[in-house]
Amino acid sequence: GAGVSQSPSNKVTEKGKDVELRCDPISGHTALYWYRQSLGQGLEFLIYFQGNSAPDKSGLPSDRFSAERTGGSVSTLTIQRTQQEDSAVYLCASSLVVPDPPLHFGNGTRLTVT
Amino acid sequence: GESVGLHLPTLSVQEGDNSIINCAYSNSASDYFIWYKQESGKGPQFIIDIRSNMDKRQGQRVTVLLNKTVKHLSLQIAATQPGDSAVYFCAENVVMGGSNYKLTFGKGTLLTVNP
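The following paragraphs examine the structure supplied in this document.

The rules we used
- Residues numbered from 1 in each chain as written.
- Chains lettered and ligands numbered in written order.
- Predicted model: local features only at pLDDT ≥ 70, side-chain atom pairs only at ≥ 80, totals over all residues.
- Heavy atoms only, no water.
- Helix = DSSP H or I, 4+ residues; strand = E, 2+ residues; numbered from the N terminus.
- Buried < 20%, exposed > 50% of the residue type's maximum accessible area, 1.4 Å probe, protein only.
- Contact = heavy atoms within 4.5 Å.
- Salt bridge = Lys/Arg side-chain N within 4 Å of Asp/Glu carboxyl O.
- Core = buried A, V, L, I, M, F, W, Y, C linked by side-chain atoms within 4.5 Å.
- Pairing = 2+ DSSP bridges.
- Axes fitted to C-alpha atoms, helices over the stretch in contact; angles between N-to-C directions.

### Section: the environment of Cys90(B)
Residue and element names in this part refer to chain B. Position of Cys90 relative to the elements: it lies in strand 8 (residues 86–97). Residue classification places Cys90 among the buried positions, given a relative accessible area of 8%. For the pair Cys90 and Gly106, spaced 16 residues apart in sequence, the C-alpha separation works out to 5.6 Å. Those residues in contact with Cys90, other than ones at most four positions away along the chain, are Cys23, Ile34, Trp35, Leu73, Thr104, Phe105 and Gly106.

### Side note on the pattern of salt bridges
Residues and elements named next belong to chain A. If you walk through the whole model with that rule in mind, you get 6 salt bridges over all chains. For Asp24, the salt bridge identified is with Arg22, shortest N-O distance 2.9 Å. A relative accessible area of 38% means that Arg22 is categorised as partly exposed.

### With respect to the nonpolar core
With 21 residues, the main nonpolar core has Tyr35(A), Leu103(A), Phe105(A), Tyr36(B), Leu103(B) and Phe105(B) as its most contacted residues. Elements with a minimum of two residues in this core: strand 4 (31–37), strand 5 (43–50) and strand 9 (88–95) of chain A together with strand 3 (32–38), strand 8 and strand 9 (100–105) of chain B.

### Quick look at the sheet that holds strand 7 (residues 72–77) of chain B
Residues and elements named next belong to chain B. Reading across the sheet, the 4 strands line up as 2-7-6-5 and stay open at both edges, with antiparallel pairing between neighbours. The sheet is open, and its two borders are formed by strand 2 (19–24) and strand 5 (56–58), each paired with just one other strand. Direction aside, the axes of adjacent strands within the sheet are offset by 15° on average. In this structure, strand 2 lies alongside strand 7, joined through 6 bridges in antiparallel fashion.

Structure below.
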């Protein structure tokens, strides 16, 4: 079956613009996660969803970041008024149930803020 | 490609040798550990996992060892192949309370296999 799908794969935006990143998890997976990976770094946890609710938003770097999930499926991560330090690869992952990794990752969206 | 080697620990091995990648984890309450492999331009790919009630688990060409006393995890790759070249991450599952948990990743190790 299809894996986790993220779009766009690459996004270049000007500083101050808003961006939306999309994640389509594996069908039937109830848990969905967003991570951020800066160049040469590990994965920084941002937020996870169990169904449509987000029990843990502690990783969101600032109030410019928000995420939602509708219908227990697709999720969008929105970054408002983007800054250059937001440039990174944003990875989405899903798993069948919580708490039960392993997570299945998409290939990420590479965001570049100029 | 990305210059990940500037920031990550690196391990360089000859094709056919065995590789050992090490990871120290931070939380003694972690109950589940995973190794992921990440190739350039792709998301992390699951390799093998181990629960805290075990100290060793074997897969195909890979073995994970867990030492809870010193909070250390290792990944052993037998007969390393050029296709094994990638960044390897360990991850620990920390139970935060109730059904809330967080999967926390290490910084990764860059494995380079020389032909």
